[in-house]
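# A structural walkthrough
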Amino acid sequence: MKKGNIKIGSVFVRLFVSAVLIFLLFYTMLPAVNFRDRNFLIFLIISIILILLVNMPTYVKQFFESLNQGHGEVIGQNPVTGAPIYAKRPWRMASTKISRPLKIGFGLIFILLVWMAIATVIGQRIFNASRYRDLIVMTDGDFAQDVAELQMSQIPVVDKDTASRLGSRKLGEMTELVSQFEIENNYTQINYKGTPYRVTPLAYADPIKWFYNMRKGLPAYIAVDMVTQETDLVWLENGMKYSTSEYFFRNIYRYLRFSYPTRIFENISFEIDDDGVPYWVAPVVQYRIGWWDGKDISGAILVNAITGESQYYEKEDVPEWIDQLYTSDLIIEQLDDNGKFQNGFINSIFGQRNVRRTTYGYNYLAIHDDVYLYTGMSSVTADESNIGFVLVNLRTKETKFYVVPGATEYSAMGSAQGQVQHLQYTATFPLLLNISGRPAYFVSLKDAAGLVKMYAFVDVAQYQIVGTGATVDEAKKNYRLALNMEEIEMGTPLEEQMAKGTVEAIADVVISGNTQYYFTLRGQDAVYAADISIYEKLPFLKAGDMVEFTYQEPEGSTVKVVTGFSEE
């Protein structure tokens, strides 16, 4: 009886240890309890291995016990020694006892591995090219009609890197917070009350800080106005109890997994609703090709970051204040597949007729209170030019293609940097804007410290046409001058003329943060104005120097605007 109790106790201990290890594995991996999740099958394989390892000492012990006891049917007796002869040798009996559970365990692992291989093969693009192509549907759009011209006060000038710097500076001003909290590198771009913002939550600095602050939660989040660069630390009446920096079951990933164990999630993002209430948005994945390929989004789970209240919404029912249901990486992948497989898989490798790809970057555009992903489309054989571009609504996945041949974004960035090469500014990835019905790249120019110092407009069709300025208005004005477009306030096109002469007098003045040089020529009454960005040697010009330049004469103005200098 005692021996039986010990055996039962041993079985219980093994079961308990196995259950604890499997739970800790699940707690760490957080796979969806769904056979269409690769991580779940990997979790099952590792769990089987853990069970075998936990029971291995018992299997080995049983092997030696069987070996010593010599179990087996006696079929005779040794005539010399008188020892019994068994139907099966003891080591064979022992081997059978230890091999049976191992065979079952490794058999299950083999079945799972085979199924993973089959599931992977049936979803390959070579067998499903047309289905990958149709994951995203493009329609032709009218750029001038679809993309309204923004007021200069609505143009976002802050990218994620600049937003991060502004946020860190803002938190640094709060001495009582900076020792306790850090800033998550989230900075989701959203439209908040018609204005583009980047928002991100605070995070606990370390486990000790979490222990002291977890009862109140995270007290605030950062909101950066992408137009004015104004950065706010938005205080909450009740702190955020659910975040990525929480531990245990209030960690947002763990909280979602235990609340929705069978759902497969895409990357979770941080957003705020129209009242400024913080939420976590967890897009729910749906596979549309094979077993676990052709990733798409079927809906989203919204979690109130303060209370933890959550609700699932089908894609068509997602609240309109949600701006990024689809991740940018998923959209870019689907756009590439759409462009690659226009005429099948074979054509994507040989011939490559009508094959196109996205350019190496993207940006966001705010249209009608939604956030659109912008990226150029280029032929696979073209390196320096686009055949057009696409705009994708990141909430609905509505996609429009615009046929506008022109320079790639990186060519435009290089052109903008070339205009101010003497200042060694670097360009941000362009934002596509409508300037008088004409697509133009808008670029912020940053110094070595990452601060925005100037702005540039670069024409999409003719990227050598650039307008720069210390303000957005000034950059737009210079862009229109470079295009020789009709200025709204003048009503007549500007004509470019040549002038040559000796400088009689020159003076500089700062207007809207940018240096302008005014000078006159000997024998003339006209006053000429030149922006510092036009000619890097302007600071060194003095009376008596010979100059040759082009200029335009705005109607009703007594000052002639210099557009370029000629080198002697």
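What this report covers is the structure whose coordinates are included nearby.

Conventions used here
Residues numbered from 1 in each chain as written. Predicted model: local features only at pLDDT ≥ 70, side-chain atom pairs only at ≥ 80, totals over all residues. Heavy atoms only, no water. Patch = residues over 30% accessible without salt bridge, like charges linked within 9 Å, V, L, I, M, F, W, Y side chains within 5 Å. Areas by Shrake-Rupley, 256 points an atom, 1.4 Å probe, with all protein chains shown as cover. Salt bridge = Lys/Arg side-chain N within 4 Å of Asp/Glu carboxyl O. Lys, Arg positive; Asp, Glu negative; His and termini not counted. Charge placed at Lys NZ, Arg CZ, Asp CG, Glu CD. Helix = DSSP H or I, 4+ residues; strand = E, 2+ residues; numbered from the N terminus. Buried < 20%, exposed > 50% of the residue type's maximum accessible area, 1.4 Å probe, protein only. Pairing = 2+ DSSP bridges. Contact = heavy atoms within 4.5 Å. Core = buried A, V, L, I, M, F, W, Y, C linked by side-chain atoms within 4.5 Å. Axes fitted to C-alpha atoms, helices over the stretch in contact; angles between N-to-C directions. Parallel < 35°, antiparallel > 145°, perpendicular 65-115°, else oblique. Phe/Tyr/Trp six-rings, centres within 6.5 Å; stacked < 30°, edge-to-face > 60°.

## Regarding a negative patch on the surface
Together, Asp274, Asp275, Glu320 and Asp369 give the surface a local cluster of negative charge. Topologically, Asp275 is positioned in the loop between β9 (269-272) and β10 (278-289).

## Digging into the pairing of strand β28 (residues 546-552)
Burial analysis of β28 places 5 of its 7 residues in the buried class, the great majority of the element. Two elements, β28 and strand β29 (residues 559-565), share 4 bridges in a ladder whose sense is antiparallel. Paired with Phe549 across the strands is Phe565, a residue of β29.

## Quick word on the environment of Tyr551
Note that Tyr551 resides in strand β28. Beyond its immediate stretch of four places on either side in the chain, Tyr551 contacts Glu495, Glu496, Gln497, Met498, Ala499, Tyr528, Lys560, Val561, Val562 and Thr563.

## Structural notes on the pattern of salt bridges
Tallied over the full model, the rule gives 16 salt bridges. Arg125 is paired through a salt bridge with Glu333; the nearest N and O atoms lie 3.2 Å apart. In this pair, Arg125 is assigned in helix α4 (residues 125-133) and Glu333 in helix α10 (residues 328-340), connecting sequence segments 208 residues apart. Residue class for Arg125 comes out partly exposed when judged on its relative accessible area of 26%. Asp161 is the salt-bridge partner of Lys446, the closest N and O atoms lying 3.1 Å from each other. Here Lys446 is found in strand β22 (residues 438-446), whereas its partner Asp161 is found in helix α6 (residues 160-173), with 285 residues between them in sequence. Through salt bridges with shared partners, a single ionic network connects Asp159, Asp161, Arg165 and Lys446.

## Details of the pairing of strand β21 (residues 431-435)
Within β21, 5 of the 5 residues are buried, which leaves the element mostly enclosed by the surrounding structure. Of the two faces of β21, the one holding Leu431, Leu433 and Ile435 and the one holding Leu432 and Asn434 are both buried throughout. Pairing geometry for β21 and β22, over 5 bridges, is antiparallel. For Leu432, the partnering residue across the bridge sits in β22 and is Tyr441.

## Points about the nonpolar core
Side chains of nonpolar character tend, in soluble globular proteins, to be buried together. Counting 82 residues, the largest nonpolar core has Leu256, Phe442, Leu445 and Phe457 as its most contacted members. Counting 24 residues, the second-largest nonpolar core is a separate cluster that includes Ile322, Leu325, Tyr364 and Phe401.

## Regarding the packing of α4 against α10
Direction vectors running N to C along α4 and α10 enclose 105°, while the axes themselves pass 8 Å from each other. Between α4 and α10, the angle is such that the two are roughly perpendicular. Counted together, Arg125, Tyr132 and Arg133 of α4 and Glu333, Asp337 and Asn338 of α10 form the full contact between these two elements.

## Looking at the packing of aromatic side chains
Per the stated rule, a full pass over the model turns up 36 aromatic pairs. Between the aromatic rings of Phe12 and Phe16, the centroid separation amounts to 6.5 Å while the plane-to-plane angle is 20°, which identifies the pairing as stacked. Placement of both Phe12 and Phe16 in helix α1 (residues 2-29) is noted, with a separation of 4 residues, approximately one turn of the helix. Each ring, one from Phe519 and one from Phe549, has its centre 5.5 Å from the other, and the planes form 90°; the classification is edge-to-face. Of the two residues, Phe519 sits in strand β26 (residues 514-521) while Phe549 sits in strand β28, which places them 30 residues apart along the sequence. Looking at Phe519, the relative accessible area reads 2%, which means it is buried. Every member of this aromatic cluster is reached through a ring pair, and the members are Phe23, Phe26, Tyr27, Phe35, Phe40, Phe43, Phe249 and Phe258.

Function-wise, these values are silent; they only describe arrangement.
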